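# Observations on the three-dimensional arrangement
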Amino acid sequence: MSDFFKSEMVRGDLQEMSELQQFCMRSMVAFPVLNKEKKRQYFEVLEQLIEKQKIFHARVCLSDDPEAMDMAESMKQAAVMLGATPNQNMGSMFDDLLEKVRVMKEQLEAQGD
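This one's a predicted model, so the numbers in the text were calculated from it and none came from an experiment. (Residues numbered from 1 in each chain as written. Predicted model: local features only at pLDDT ≥ 70, side-chain atom pairs only at ≥ 80, totals over all residues. Heavy atoms only, no water.)

## Some words on the pattern of salt bridges
Defined as follows: The salt bridge definition used is simple: a Lys or Arg side-chain nitrogen within 4 Å of an Asp or Glu carboxyl oxygen. Secondary structure elements are taken from DSSP: a helix is a run of H or I of four residues or more, a strand is a run of E of two residues or more, and numbering for both begins at the N terminus. Type-normalised accessible area, obtained with a 1.4 Å probe on protein chains alone, sets the label of each residue: buried when under 20%, exposed when over 50%, and partly exposed for intermediate values.
Within the structure shown, the criterion is met by eight salt bridges. E47 is the partner of K105 in a salt bridge, and the nearest nitrogen-oxygen pair spans 2.9 Å. With a gap of 58 residues between them, K105 in helix α5 (residues 90-110) and E47 in helix α3 (residues 36-62) connect regions that are remote in the sequence. With a relative accessible area of 12%, E47 lands in the buried category. Each member of the salt-bridge network shares a partner with another, and the members are E44, E47, R102 and K105.

## With respect to the packing of aromatic side chains
Put simply, the test is: Each Phe, Tyr or Trp ring (for Trp, its six-membered ring) is paired with any other whose centre lies within 6.5 Å, and the angle between the two planes then decides the class: stacked below 30 degrees, edge-to-face above 60, tilted in between. The criterion is that NZ of a Lys, or CZ of an Arg, lies within 6 Å of the ring centre and within 35 degrees of the ring normal, and then a charge sits over that ring.
The full count for this structure, using the stated rule, is five aromatic pairs. Both rings, one in Y42 and one in F43, keep their centres 5.4 Å apart while their planes meet at 50 degrees; by these two values the pair is tilted. Residue Y42 shares its accessibility class with F43, and that shared class is buried. Ring pairs connect the aromatic residues F4, F5 and F56, which therefore count as one cluster. The residue whose ring lies beneath K39 is F31, and the NZ or CZ to ring-centre distance is 4.9 Å.

Okay, here's the thing in structure tokens:
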């Protein structure tokens, strides 16, 4: 394991992102039957996850650690597999995702109880 991934802060961030992702996956499966408050909670956690992923991506891109650079490339490849263009800036991709979540939150709030 490289020095970058040995960092207690990095390991803590990875653990936290994993927990947020697990919550989002569980909520996504049940989303149609969630009440409005649970849907709000899902969107809040999804925003947190995307923000943390954005920051983590910036950190791996700034690192000269070989494993961190590999992680940055893997994140880019995953984004392309999910529909991003190969030359799209990852920071703007995360910003686009956050905007989509904000729009979904607004739509949820516009719905009656």
